[in-house]
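Architecture and fold: a report
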Amino acid sequence: MSTKPALYFGNDHAGLALKRVLLKRAQELGYTVTDVGTHDEASTDYPDWANQVAAKVLSEGGWGVLVCGTGIGISIAANRHKGIRAALCGDVFSAKATRAHNDANVLCLGARVVGEGLALEIFESFLATPFEGGRHQRRIDKIDADAP
């Protein structure tokens, strides 16, 4: 049995191509993946996909990966769910820090902001970085306590 978290992927039309690249890499790395969509380039609304991925992460465990044009809207929508810590990352340092310090459970990327190569580096860094716990857990507990 794998100790790797299950990964749930979601995207709007702008994030489709990058999502496919990341999903393929996750499979190559041995992750169990679920692609909630969208599956074509027809215009669609990012909150629909953020909500589906957030629901999966909260009900089934694992982590989410969300991609839209900028990553901003989809991260805002995901963070509306109590217990979701979605982080928009545009660099490797932020991806490592949000896992280590925030125990982020959803990675958000902007397909129109980061290129494929950088996105793969960010994605793999996010996956490889463990949560440090300690003083960081205290801070996450405060976030959760204050959430509606």
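I will try to describe carefully the structure that is included in this document. Throughout, a residue's number is its position along its own chain's written sequence, starting from 1. At least 70 in pLDDT is required for a residue's local features to be given in this predicted model, at least 80 for side-chain atom pairs to be given and counted, and no such filter applies to totals for whole chains, interfaces and linings, which use all residues. Excluding hydrogens and water, the side-chain values take into account all heavy atoms of the structure.

Before going further, it helps to examine the pattern of salt bridges. Note on definitions: salt bridges are taken to be side-chain nitrogens of Lys or Arg within 4 Å of carboxyl oxygens of Asp or Glu. A full pass over the atoms with the stated rule returns 6 salt bridges. Residue K19 pairs with D35 through a salt bridge whose shortest N-O separation is 2.8 Å. Pair noted here: K19 is in helix α1 (residues 16-28) and D35 is in strand β2 (residues 33-37), with a separation of 16 residues, a long-range link. Three exposure classes are used, based on accessible area relative to the maximum for each residue type with a 1.4 Å probe and protein chains only: buried under 20%, partly exposed in between, and exposed over 50%. For K19, a relative accessible area of 1% corresponds to the buried category. Note that E124 and R25 form a salt bridge whose closest N and O atoms lie 2.7 Å from each other. By the criteria applied, helices consist of DSSP H or I runs no shorter than four residues and strands consist of E runs no shorter than two, each listed in order from the N terminus.

It is worth spelling out the pairing of strand β3 (residues 63-68) at this point. In terms of burial, β3 is a largely internal element, 6 of the 6 residues being buried. Of the two faces of β3, the one lined by W63, V65 and V67 and the one lined by G64, L66 and C68 are each fully buried. Strands were regarded as paired on the criterion that DSSP finds at least two bridges between them. One ladder, built from 5 bridges, connects β3 with strand β5 (residues 106-110); its direction is parallel. Residue pairing for β5: G64 is matched across the bridge by V106.

Pairs were defined over the aromatic rings of Phe, Tyr and Trp, the Trp ring being its six-membered one, requiring ring centres within 6.5 Å. Orientation was assigned from the angle between planes: stacked under 30 degrees, edge-to-face over 60, tilted for the rest. Counted by the stated rule, this structure contains 2 aromatic pairs. With a centroid separation of 6.1 Å and 55° between ring planes, the pair formed by F9 and F123 is classed as tilted. Remark: F123 occurs in helix α5 (residues 116-128) and F9 occurs in strand β1 (residues 7-11); sequence separation between them is 114 residues. Take F123: its relative accessible area is 0%, and that puts it in the buried class. Taking the centre distance of 5.5 Å and the plane angle of 75° together, the rings of W63 and F126 count as edge-to-face. With a gap of 63 residues between them, W63 in strand β3 and F126 in helix α5 connect regions that are remote in the sequence. Accessibility assignment for this pair places W63 and F126 in one class, buried. Criterion for a charge above a ring: Lys NZ or Arg CZ within 6 Å of the ring centre, and within 35 degrees of the ring normal. In this arrangement the basic side chain of K4 is found over the ring face of Y31, its NZ or CZ atom lying 4.8 Å from the centre. Cation over ring: R99 sits above F126, and NZ or CZ is 5.8 Å from the ring centre.

Turning our attention to the nonpolar core. Side-chain atoms within 4.5 Å link the members of a nonpolar core, which is a set of buried Ala, Val, Leu, Ile, Met, Phe, Trp, Tyr and Cys residues. L7, F9, L22, L109 and F123 are the most contacted members of the largest nonpolar core, which has 22 residues in total. In this analysis, two residues are considered to be in contact whenever any of their non-hydrogen atoms come within 4.5 Å of each other. Contact partners of F9, with chain neighbours within four places excluded, come to K19, L22, L23, A26, V33, T34, D35, V36, G37, V53, V65 and F123. Within the second largest apolar cluster, 16 residues are counted, among which are W49, A50, V57 and A78.

Before going further, it helps to examine α1. Look at α1: 19 Å from first C-alpha to last across 13 residues, which is about the 18 Å you get at 1.5 Å a residue. The elements touched by buried residues of α1 are β1, β2, β3, β5 and α5. Trailing α1 by a residue or two, G30 shows a phi angle of about 90°, which is positive. To estimate how far a helix should extend, the number of its residues minus one is multiplied by 1.5 Å.

Geometry is summarised by axes, namely lines fitted to C-alpha atoms with helices restricted to the contacting stretch, and by angles between N-to-C directions that run from 0 to 180 degrees. Interhelical geometry of α1 versus α5 gives an angle of 45° and a closest axis separation of 10 Å. In terms of axis orientation, α1 runs oblique to α5. The interaxial crossing formed by α1 with α5 has right-handed handedness. Residues L18, V21, L22, R25 and A26 of α1 touch α5, and the partners they reach there are E116, A119, L120, F123 and E124. Oblique is the label for any angle not covered by the other classes, which are roughly parallel (under 35 degrees), roughly antiparallel (over 145) and roughly perpendicular (65 to 115). What makes a crossing left-handed is the near helix being turned counterclockwise from the far one by less than a right angle; a clockwise turn instead makes it right-handed.

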